[in-house]
Amino acid sequence: MWFKNLLIYRFTKPFTLTAEEVNEKLAEKCFAPCNSQDVSSYGWTMPLGSQGSEYIHTTNGCIMVCAQKQDKILPASVVNEVLAEKIEEIKAAEDRVPSRKERSDMKDEITFSLIPRAFTRSNRSFAYIAPEQGLLIVNSGSHNRAEELLNFLRESLGSLPVIPLKAKNVAQHQMTEWLAQGSAPAGFELGGECELRDKADESAVIRCKNQNLCTTEITNHIQTGMFVNKIALRWTGDIEFIVDDQLTIKRLNFGDLIQDKVGDVNTESAADQFDVDFAIMSAEFAKFIPAVLEAFGGEDLGDQGAVISTAA
């Protein structure tokens, strides 16, 4: 359950629904497997899986939700193979080549006939609402996948006034300055990975892995006009991660200090372990996220400053 990636959103209005109200609304749009002709299905499932009885899980005032998506897998090569056979049959029987429109219609008919026999693939997406912090945190490094969850949550709840978290300083400029100076911001250490792009040609990319980022070679690239697009950092709270120019946080790694907190709690079931993991993780993120924002000059609240004060 430990989140590996973070896309973070700020509520523009205080979140006022109770956990019970959220559960009721999600239950109305629970996941159902694809039927014979569905190519995809999306709905809410229980975060605790078979051990759960609700469509949410709460701890520390945070509300965890989980969306499940199921897709039918029908490779294009299979459809094209059947289509080629049909075209050859028409050539042999009618001595003609089907038109483009006819081939397109045939392809649609073949797809429709094969869908019921296609295999399915499922995945689950976790996110949690932190009302006291005014944040919604999605365990994803894909903006498209996160937006799919947010849109469905908005549809389920009737409203979801959130915007992507924004820092005051431009992320690329800030990260480039760190490498130019050879030092990380207070509370962080530079890792061994970064991605550099050229200001004149962003298709020109240099990726450094397992490297000392304070070398003259990397500094020279920056002096010639390259900028940092993503960088590895280590927070002194014992979290290693990659952050990019959109403040997307990826490849989270929780160190021994945090894992020891988990090990200090005895649990008797998978549900108990989920609760402990969520409680510790959300508590760490409550400190980690503000620290990341501070490293980028603080949060750019814009017109939302009064909203945050009201929610606090």
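For the structure itself, consult the block above.
Heads up: these notes are all about the structure in this document. (Residues numbered from 1 in each chain as written. Predicted model: local features only at pLDDT ≥ 70, side-chain atom pairs only at ≥ 80, totals over all residues. Heavy atoms only, no water.)

**A word on the overall build of the protein chain**
Operational definition: By definition, any uninterrupted DSSP run of H or I lasting at least four residues is a helix, any uninterrupted run of E lasting at least two residues is a strand, and each is numbered from the N terminus. The globule rule is 2.2 Å times the number of residues to the power 0.38, and the radius of gyration it is compared with is taken over C-alpha atoms. When accessible area is computed with a 1.4 Å probe and restricted to protein chains, residues below 20% of their type maximum are described as buried, those above 50% as exposed, and intermediate ones as partly exposed. Throughout, a contact is declared for two residues whenever any of their heavy atoms are within 4.5 Å. The protein chains shown are the only cover counted for residues, whose accessible areas, like all others here, come from Shrake-Rupley with a 1.4 Å probe.
Counting its regular elements, the protein chain contains nine helices and 12 strands. The globule rule puts the C-alpha radius of gyration for 312 residues at 20 Å, and the 24 Å found for the protein chain is more than 25% above it. The C-alpha extent of the protein chain, read off along each of the three principal axes, is 75 × 55 × 40 Å. For the protein chain, the residues scored as buried account for 43% of the 312 residues in total. The contacts in the protein chain between residues at least 6 apart in sequence include a share of 70% that link residues at least 24 apart. In the form shown here, the protein chain has an accessible surface area of approximately 16400 Å², with 47% of it arising from carbon and sulfur atoms.

**Observations concerning the nonpolar core**
Operational definition: Residue types Ala, Val, Leu, Ile, Met, Phe, Trp, Tyr and Cys, when buried and joined through side-chain atoms within 4.5 Å, form a set referred to as a nonpolar core.
In terms of nonpolar packing, the biggest core is built from 52 residues, with Y128, I231, F241, F285, F288 and F296 touching the most fellow members. For this core, the element with the highest residue contribution is helix α8 (residues 270-295), accounting for 12 residues. The contact partners of F285, leaving out residues within four places of it in the chain, are F3, L6, Y128, I239, L252, F254 and P290. In terms of nonpolar packing, the next biggest core, distinct from the first, is built from 26 residues, L26, Y42, A67 and L157 among them.

**A closer look at the pattern of salt bridges**
Quick reminder of the rule: By convention in these notes, a salt bridge is any Lys or Arg side-chain nitrogen within 4 Å of a carboxyl oxygen on Asp or Glu.
Counted under the stated rule, the structure contains 14 salt bridges. A salt bridge links K29 to E155, with the shortest nitrogen-to-oxygen separation between them at 3.2 Å. You can see K29 sitting in the loop between α1 (19-27) and β2 (40-45) and its partner E155 sitting in helix α4 (residues 143-157), a full 126 residues away along the chain. Taking relative accessible area as the criterion, K29 reaches 29% and is therefore assigned partly exposed. Residue E155 is classed as partly exposed on the basis of its relative accessible area, which comes to 48%. The closest approach of N and O atoms between K101 and D105, which form a salt bridge, is 3.0 Å. One end of the pair is K101 and the other is D105, both in helix α3 (residues 100-114) and four residues apart, which spans about a single turn. Judged by relative accessible area, which is 60%, K101 ranks as exposed.

**A word on the packing of aromatic side chains**
Which entries qualify depends on this criterion: Within 6.5 Å between ring centres, the rings of Phe, Tyr and Trp (the latter by its six-membered ring) count as paired, and their orientation is classed by plane angle as stacked under 30 degrees, edge-to-face over 60, tilted in between.
Applying the stated criterion across every chain, the model contains 14 aromatic pairs. Where Y128 meets F278, the ring centres are 5.3 Å apart and the plane angle is 65°; that geometry is what we call edge-to-face. Of this pair, Y128 sits in strand β5 (residues 119-130) while F278 sits in helix α8, placing them 150 residues apart in sequence. We note that Y128, like F278, is buried.

**Focus: the packing of helix α2 (residues 76-94) against α3**
What counts here: In this description, a line fitted to the C-alpha atoms serves as the axis of each element, helices being fitted only across the stretch in contact, and the angle between N-to-C directions of two axes falls anywhere from 0 to 180 degrees. Note that the term roughly parallel is reserved for angles under 35 degrees, roughly antiparallel for angles over 145, roughly perpendicular for angles of 65 to 115, and oblique for everything else. For a crossing to be left-handed, the near helix must be turned anticlockwise from the far one by less than a right angle; the clockwise case is right-handed.
Contact pair α2 / α3: the axes reach a minimum separation of 10 Å and the direction vectors enclose 125°. Regarding the angle of α2 to α3, the classification is oblique. Taken as a pair, α2 and α3 cross one another with a handedness that is right-handed. Of α3, the residues touching α2 (which contributes V78, V79, N80, V82, L83, K86, I87 and I90) are E102, R103, M106, K107, I110, T111 and L114.

**Observations concerning the pairing of strand β6 (residues 135-138)**
This is how it is decided: In this analysis, strands are considered paired if DSSP registers two or more bridges between them.
Residues L135 and I137 line one face of β6 and the alternating positions L136 and V138 line the opposite face, and both faces are buried. The pairing of strand β1 (residues 7-11) with β6 spans four bridges and is classified as antiparallel. Among the inter-strand pairings, Y9 is bridged to a residue of β6, identified as L136. In the sheet, β5 pairs with β6 via four bridges, with the strands oriented antiparallel. Each bridged residue has a counterpart across the sheet, and for A130 the counterpart in β6 is L135. In sequence, β5 turns back onto β6 through a hairpin of four residues, with G134 there showing a positive phi of about 70°.

**So, the sheet that holds strand β8 (residues 188-198)**
The five strands are arranged β9-β8-β10-β11-β12 in an open sheet whose pairing can be described as antiparallel. Among the strands making up the open sheet, the edge pair consists of β9 (205-209) and β12 (249-254). Ignoring strand direction, the axes of neighbouring strands in this sheet form an average angle of 15°.

**Looking at the side chain of R10**
Using the following cut-off: In the analysis that follows, any N or O atom pair within 3.5 Å is treated as a polar contact, provided that within protein one partner can donate a hydrogen and the other can accept it, and provided that, for residues neighboring in sequence, both atoms belong to side chains.
Among the secondary structure elements, R10 is positioned in strand β1. On the basis of relative accessibility, which here comes to 7%, the residue R10 falls in the buried class. Only 3.3 Å separates the side chain of R10 from the backbone oxygen of G134, close enough to count as a polar contact.

**Things to note about α4**
Cut-off, in case you're wondering: In a helix, the anticipated span is given by 1.5 Å times the number of residues less one. Regarding the arc, it is the one traced by the directions from the helix axis to the C-beta atoms.
The terminal C-alpha atoms of α4, which comprises 15 residues, lie 21 Å apart, in line with the 21 Å expected from a rise of 1.5 Å per residue. Three or more residues of α4 are buried, namely A146, L149, L150, F152, L153, S156 and L157. All buried residues of α4 lie within an arc of 165° about the axis, which places them on one face of the element. Phi for G158, located one or two positions after α4, is positive at around 95°.

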